[in-house]
Amino acid sequence: MKRANGVDDVDGNPAKKLCVSERAGRAPGPLATLLGAIRDGDEAQVEAALRDGASVDSTIALAKDEFKNMAAGPASVLIFAIAQGHNGIVKLLLERGADVHWARPHNGATPAYVAALKGHVEVVRLLAELGANVETPTNEGVTPAYVAAENGHSEVVRLLAEL
C-alpha cells in the first residue's frame, strides 16, 4: 500500500516500510538505513547507519496512520525506536548521545512519555539516569506517570513514584 509520504508497506504489513530509495532499487542513504534498521529491530544495521553518518538526533515526519503505534507528525529516531519496542536500539542511541529532552512539537511527547505510554520500565529508568525530566507533561498536560497508570503499566508508575 502506498503512503502519502512515499513509503510503501512490505507484503501488506504496515510495520515494514520501504523508503523511496529501497523501492527504486538504490542503496538507501544513512537516515533511510537507520529508519529501516529501527523498523526491523536490526542493531547491527543501526550501528552501520550511525557509522555512515546518520545522526542519533535525526527526526522524521510520520504520516497519519503510517505506524499504528505512532501519531502523525515529527518524531525523533529515539522516540521512533521506543515506540517500536526495540530497547536494545534505544540503549544504543542513548549511548551515542541521543537527546533525551526532545519533544514532539505537535503534542509535546518526550522519550520518557512514550516509554511510559508503552510500559518500557527499563527505558524510563535509563532516561532518568541520563537526566531526562520524567515529569514533563505533554502539550495537553498529561504526564508520563498519568499515561502509564491509564494504560495499566504499574511497574512504570512505581518507578516514576520512586524517582
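All figures in this text were calculated on a predicted structure; none of them were measured in a lab. (Residues numbered from 1 in each chain as written. Predicted model: local features only at pLDDT ≥ 70, side-chain atom pairs only at ≥ 80, totals over all residues. Heavy atoms only, no water.)

Peer 1: Which residues make up the overall build of the protein chain, and what values do they have?
Peer 2: Helix and strand counts for the protein chain come out as nine helices and four strands. When its helices and strands are written in sequence order, the protein chain yields β-β-α-α-α-β-β-α-α-α-α-α-α. The 163 residues of the protein chain split such that 43% are buried. The long-range share in the protein chain, meaning contacts at least 24 apart out of those at least 6 apart in sequence, stands at 53%. (Helix = DSSP H or I, 4+ residues; strand = E, 2+ residues; numbered from the N terminus. Buried < 20%, exposed > 50% of the residue type's maximum accessible area, 1.4 Å probe, protein only. Contact = heavy atoms within 4.5 Å.)

Peer 1: Just give me the short version of helix 3 (residues 43-51), but keep the residues and values in it.
Peer 2: Within helix 3 the residues assigned to the buried category are V46, A48, A49 and L50. At its buried positions, helix 3 is contacted by helix 2 (30-40) and helix 5 (87-95). The backbone nitrogen of A44 lies 3.2 Å from a side-chain oxygen of the residue at the head of helix 3, namely D42. Downstream of helix 3 by a residue or two, G53 has a phi angle that is positive, lying close to 115°. (Polar contact = N/O pair within 3.5 Å; in protein donor to acceptor, adjacent residues only side chain to side chain.)

Peer 1: Outline the environment of W102, supporting the account with residue identities and numerical values.
Peer 2: Tracing the backbone through its elements, the reader meets W102 in the loop between helix 5 and helix 6 (111-118). Spatially, the C-alpha atom of W102 lies 9.0 Å from that of A75, the residues being 27 residues apart in sequence. Not counting residues within four places of it along the chain, the set of residues in contact with W102 comprises T59, P74, A75, S76, I79, A109, T110 and P111.

Peer 1: Explain the pairing of strand 3 (residues 59-62) to me, and be specific about the residues and the numbers.
Peer 2: Only one face of strand 3 is covered, namely the one carrying I60 and L62; the face carrying T59 and A61 has none of its residues buried. In terms of strand pairing, strand 3 meets strand 4 (residues 73-76) through four bridges, oriented antiparallel. Within strand 4, the residue paired with L62 across the bridge is G73. (Pairing = 2+ DSSP bridges.)

Peer 1: Can you break down the layout of surface pockets residue by residue, with the values?
Peer 2: Its volume calculated, the second largest pocket comes out at about 250 Å³. As for the second largest pocket, its lining consists of 17 residues, of which A71, N107, A109, Y113 and L117 are closest to the centre. The set of elements that each furnish at least two residues to the lining of the second largest pocket consists of helix 4 (77-84) and helix 6. When residues of the lining of the second largest pocket are assigned to their parent elements, the largest contribution, four residues, is made by helix 6. (1 Å grid on protein atoms, 1.4 Å probe; cavity = no way out; pocket = protein on both sides within 12 Å on 5 of 7 lines; lining within 4 Å. Points joined across faces, edges and corners; volume = space filled by probe spheres on them.)

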